[in-house]
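# Survey of secondary and tertiary structure
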Amino acid sequence: MPDDTQDRIQRALNERKRKDLEEKYGARFSFNESDAPPEIIGEWLDTVEEFERQFQGAGKTTVRAYTGNPQCTPPSSLPPRQIPGELRRLIDHLDANAIAVHFDRTVPPAEAYRFIVEELFDMEIDDVRIAGMTHSFVYEDFHPDEEACATMFAGHFLYTLFGKDAQGAMQRTDRSELYSSSGRPVTREEMRRSIDRFIAGVAVFTGSDVTEKGCTVERGYASVQFAISWTGLEAGTLRALSASGTATVRMKRSGLGWNVVRVECPGWGAW
């Protein structure tokens, strides 16, 4: 059979399978036939169908039961010199049972082993098993890096500021606790006016550079420092503007994120 004829037949089968999945499971697909060869799309649709079939009748289980209830020495009873080897054995066992554990930052072997044995094993998951499918977990989802998280949220605030997005900047400020750059308690309206004045005073930011310098976290608050330099044109006169120095963004923990409570930024006058 010519290749183009076989491709047309496979595409027709794929279209039929796609409609069946949409009607039976409410699936929605955004791909088109040019994304991959039709036989590859067909295999992928078969995998989707198998997942949906299993998921419909799947019960819940724990990671421990899903991986065969492996016997593990309690972390407190394991000699330190044995921890790296036991951790490697444990991760290999999880991999072999389609459980992947990711660590986005350096975590001591003893903490990684404790996390798996005392926390991850008790996590509830869908009891679905499909060749090639992996249940993935990230350590930072359970134990966020507070300094990195606070720095990221503070950086987002500065990004909106230099993007002249006053509304976006205000959305990143705290709802109940705000201070002026000099440390005076202020209302949200006062903070909004200060942000508006700074942004309105610059017709356009022609360049900005924001580099993290450090972050300290204590009792639900974080102070994030950045090396800042920016250039722009003054509103009205189009006179060249520039400022550089250290910006300090004071943050307050809020749920899983951080809100801005105070900002000191080069070029944003003290108020």
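Please read all numbers here as calculations on a predicted model, not as lab measurements. Throughout this document, residue positions are counted from 1 along each chain, in the order its sequence is written. Note on the predicted model: pLDDT of at least 70 is required for a residue's local features to be given, and 80 or more for side-chain atom pairs to be given and counted; whole-chain, interface and lining totals, by contrast, use all residues. The side-chain quantities take in all heavy atoms of the structure and omit both hydrogens and water.

Check the secondary structure of the chain and you find nine helices and eight strands. Each radius of gyration reported is based on C-alpha atoms, and the globular scaling rule is 2.2 Å times the count of residues to the power 0.38. Computed over C-alpha atoms, the radius of gyration of the chain comes to 27 Å, more than 25% over the 18 Å expected from 2.2 N^0.38 for 271 residues, which places it beyond the range of a compact globule. Throughout, exposure labels follow a simple rule: accessible area from a 1.4 Å probe, protein chains only, divided by the maximum for the residue type, with under 20% read as buried, over 50% as exposed, and the rest as partly exposed. Within the chain, the proportion of its 271 residues that are buried is 37%. Whether two residues are in contact is decided by their heavy atoms, any of which lying within 4.5 Å being enough. A sequence separation of at least 24 residues applies to 65% of the contacts in the chain between residues at least 6 apart. Reported accessibility uses the Shrake-Rupley method at a 1.4 Å probe radius. Residues are deemed covered only where the shown protein chains occlude them. Of the roughly 15500 Å² that the chain leaves accessible, carbon and sulfur atoms contribute 49%. In this charge count, Lys and Arg are treated as positive and Asp and Glu as negative; neither His nor the chain ends contribute. Working definition for charges: the position is that of NZ of Lys, CZ of Arg, CG of Asp or CD of Glu. The positive charge centre, built from 32 side chains, and the negative charge centre, built from 42, are 7 Å apart in the chain. Secondary structure elements are taken from DSSP: a helix is a run of H or I of four residues or more, a strand is a run of E of two residues or more, and numbering for both begins at the N terminus.

Our focus in this paragraph is the layout of surface pockets. By volume, the largest pocket amounts to about 230 Å³. The way it works is a 1 Å grid over only the protein atoms, where trapped points that fit a 1.4 Å probe form a cavity and open points with protein on both sides within 12 Å along at least five of seven lines form a pocket, and then any residue with an atom within 4 Å of a point lines it. Lining the largest pocket we find 13 residues, and of these Pro-144, Asp-145, Cys-149, Leu-256 and Trp-258 sit closest to its centre. Broken down by secondary-structure element, the contributors of at least two residues to the lining of the largest pocket are helix H6 (139-142) and helix H7 (146-162). The biggest single contributor to the lining of the largest pocket is H7, with four residues. Counted as a void, the second largest pocket has a volume near 160 Å³. Taken together, Ser-194, Arg-197, Phe-198, Gly-201, Val-202, Trp-230, Glu-234, Leu-241, Gly-267, Trp-268, Gly-269 and Trp-271 form the lining of the second largest pocket. Looking at the lining of the second largest pocket element by element, the count peaks at three residues for helix H9 (residues 188-200). Charged means Asp, Glu, Lys or Arg here, nonpolar means Ala, Val, Leu, Ile, Met, Phe, Trp, Tyr, Cys or Pro, and polar covers whatever is left, Gly included. A per-class count over the lining of the second largest pocket returns six nonpolar, four polar and two charged. Grid points are joined across faces, edges and corners, and a volume is the space filled by probe spheres set on the points.

What follows is about the packing of aromatic side chains. Each aromatic pair joins two rings of Phe, Tyr and Trp (for Trp, the six-membered one) with centres within 6.5 Å, and gets the label stacked for planes under 30 degrees apart, edge-to-face for over 60, and tilted for any other angle. Scanning all chains against the criterion turns up 10 aromatic pairs. Judged by centre distance (6.3 Å) and plane angle (75°), the ring pair of Phe-103 and Phe-115 falls under edge-to-face. On the criterion of sequence distance, the pair formed by Phe-103 in the loop between strand S2 (99-102) and helix H5 (109-118) and Phe-115 in helix H5 is long-range, its members being 12 residues apart. With 5.0 Å between their ring centres and 85° between their planes, Phe-115 and Tyr-139 make a pair best called edge-to-face. You can see Phe-115 sitting in helix H5 and its partner Tyr-139 sitting in helix H6, a full 24 residues away along the chain. Here a set of aromatic residues connected by ring pairs shows up, and it is made of Phe-162, Phe-198, Phe-205, Trp-230 and Trp-268. Stacked on the ring of Tyr-66, the Lys or Arg Arg-129 has its end atom at 3.8 Å from the ring centre. Here, over-ring charges are defined by two tests on the NZ atom of lysine or the CZ atom of arginine: distance to the ring centre within 6 Å, and angle to the ring normal within 35 degrees.

Right, let's get into the pattern of salt bridges. Counted as salt bridges are all cases of a side-chain nitrogen of Lys or Arg within 4 Å of a carboxyl oxygen of Asp or Glu. Per the stated rule, a full pass over the model turns up 16 salt bridges. The partner of Arg-114 in a salt bridge is Glu-119, and the shortest N-O contact between them spans 2.5 Å. Given a relative accessible area of 22%, Glu-119 falls into the partly exposed group. One salt bridge in this structure joins Arg-184 and Glu-190, with 3.4 Å as the shortest N-O distance. Look at the salt bridges and you will find they share partners, linking Glu-111, Arg-114, Glu-118 and Glu-119 into a network.

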